[in-house]
Amino acid sequence: MWKYTLLTLCLVAPAFAPALAADKLSASQLIELAQSPSGGLRDAITATFDAKDLKEGTAWAGHGTSFFFVTEAASPASLVIDEGKSTPMQNLAGSNLWYAAVRIEQVGKLHSFHYLIQGAKFGGRLDLPAFGGLSYLQPGVPSGTLSDKIIHTSKIYDGMKSEYWIYVPAQYDPKTPAALMVFQDGSGYTHRNDNDPTLNVLDNLIALHKIPVMIAVFVNPGDISDSPGTPTYNFVKAYSDKWHRSLKDSMRSTLYDTVSDRYGRFLRDEVLADVAARYNLRKDAYSRAITGLSSGGICSFNAAWQMPDQFGRVISWIGSFTSIQWQENPAVPDGGQDYPEKILREPRRNIRVWLQDGSEDQENDRYGSWPLANIRMANALKLKEYDFHFSFGKGTHNPGQGRAEFPEEMIWLWRDYDPAKTSQTYEVEPTEKPKPPFRVSIANRDAE
C-alpha cells in the first residue's frame, strides 16, 4: 500500500489567467483553481475531462506527487487509493461533481483508485501512473529536437507506406557517432505532456549521463492500402477478412506479430538506412536498443532475437507473446507463444531485456493469456541466465506502468555503457542469479 495524503485546500488566488478555465488544465492548475474563491472550477473540469470519464468515475489528472480526482455522483463520494483508507471528497456547489486533491508519495510506480458511493465501489482505474522528476524536463536541461513526419515507401513490404520521426538530442555532434533507439507505434511517444514523458526522459537522462547521446527513431506501423494486388496486400487483406480487423490494424499485426526477420530487415535496410544517411549512427548492437508495447513489445524482442547483431537492448511493455500470427503464413512455423521455448532450446542471443506486464492484462479465447505468457518469457530468460528484469504489477493492457517506470528502465538498460566499447557479453545480474523462478498463485477465485 503506497502512502498518500489529502491536500488541504486553502483559499488563495490562482496564479494563471481566468481564461485558462476554458482550456484543458493540468493537475497543478486544477488544484490551484480548487483553492481559489473566484470560481471557475466547474468550467475547468468540463473543459479538461471527457463527459464519459466523469460519468463513469475514471477521470483524473496528475503531476508528480499531486493528483486531482473528480466524478459525477448523486450521493457523497469518497476516494480510495491503492485499496487504502477512503478519503471524503468535496462537492462542487450547485452540481453533482465531487472532487479531491491528494498527494501520492511513491512516484515512478503504478497505482490504482476507485470511489465509494453509499458504501459501494464505483469507477476507478488500475492504471494510474505517478511520474517522478525525471519524467518532467528539469531546469537547465536542453531539449532535443523532433523532426517533422517522414514518409517511407517500403520495398520489403511491397509499397507499404510508413511514417516515422527522428529525435536528435541537443548534445548530438555529427563528428561523433550516436547510439540509437527505435520505438514501435512511434507517434504515441512524440508528444510532451504529463502522461507521455518519453522525450523528457531522454533529455534528462542524456544530460545526466545516465544514457549515451542517442538518436531516437519513432516508427508507426505502415499502411498497405495504396498497393492493391501485391503479395503483402493480398496477405494482409485475407487476414483482415478472416478476423474482421481493419486493413491498417492487420498490417500492424503482420509487421509486429510475425516471428521472422522480415521486420528487422525492414528497419535495418530501409528506415535506419535512411536515418543513417542523415545522422552519424553507431552500427554496433551494443549501442542500439529497441522498444514497443503490446504487439510492438513482441516485435521489439523479435527484432533483437532475429538480429542480435543489430539490437542488443530491449524493453517490452505488456508484450503480446501470444499466438496472434501463428500459422497465418505457412512459411512461418512459429508464433509469439513459442518464444519461451525458443529461448530455452535455441542458441543463446547476446541481448539485455526488460519485460513489463500486469496481472490484469488481457486474456481472450483466441490468443491466450498475456500475463501468463510474460511470466513464461521471464522464466525462460531466467533459466537460461539472460541479463533480464521482469517488472510485474497489477495493471491492465495499458502503458501506464511502463511509462511510470521508463526512467528506471532506461537507466537499467544502459547501465555500464562505455562509448569506447563496441561489444559486451551480457550476463545475469549478481542480485538476480540466486533468486528462484517466478511462481504463480490463483488470486481471483475463492480459496478451496
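None of the values given here were measured: they were computed from a predicted structure.

Definitions and cut-offs
What you see as residue numbers is a count from 1 along each chain, following the sequence as written. Where totals are concerned, whole chains, interfaces and linings use all residues; where local detail is concerned, this predicted model gives features only for residues with pLDDT of at least 70, and gives and counts side-chain atom pairs only at 80 or more. The basis for every side-chain value is the complete set of non-hydrogen atoms in the structure, without hydrogens or water. Under the scheme used here, helices are H or I runs from DSSP no shorter than 4 residues and strands are E runs no shorter than 2 residues, and both carry numbers assigned from the N terminus. Buried, partly exposed and exposed residues are distinguished by accessible area as a fraction of the type maximum, computed with a 1.4 Å probe on protein chains only: under 20%, between the cut-offs, and over 50%, respectively. What a helix is expected to span follows from its residue count: subtract one and scale by 1.5 Å. What the arc covers is the set of directions going from the helix axis to the C-beta atoms. Two strands pair if DSSP finds at least two bridges between them. Whether two residues are in contact is decided by their heavy atoms, any of which lying within 4.5 Å being enough. Only the stretch in contact is used when fitting a helix axis, every axis being a line fitted to C-alpha atoms; angles between N-to-C directions are given from 0 to 180 degrees.

(A) Expanded view of unusual backbone geometry. Phi at Glu83 takes a positive value of approximately 60°, unusual for a residue other than glycine. Take Glu83: it is sitting in the loop between strand S4 (77-81) and strand S5 (87-88). The phi angle at His244 is positive, at roughly 55°, despite the residue not being glycine. Relative to the helices and strands, His244 is located in the loop between helix H5 (231-243) and helix H6 (247-257). For His244, a relative accessible area of 73% gives the class exposed.

(B) Highlighting H5. For H5, spanning 13 residues, the distance from its first C-alpha to its last is 19 Å, which sits close to the expected 18 Å at 1.5 Å a residue. Restricting attention to buried positions, one finds in H5 the residues Thr232, Tyr233, Val236, Tyr239 and Ser240. Viewed end-on, H5 has its buried residues packed into an arc of 135°, placing them on one side of the element. Of the residues trailing H5, His244 is marked for its positive phi of about 55°.

(C) Quick look at the sheet that holds S5. Read across the open sheet, the four strands follow the order S5-S4-S8-S9; overall the sheet is antiparallel. Pairing within the sheet leaves two strands with one partner each, and these edge strands are S5 and strand S9 (120-130). Lying on the sheet, helix H11 (residues 400-413) is in contact with strand S8 (109-117) and S9; it crosses S8 at an angle near 145°.

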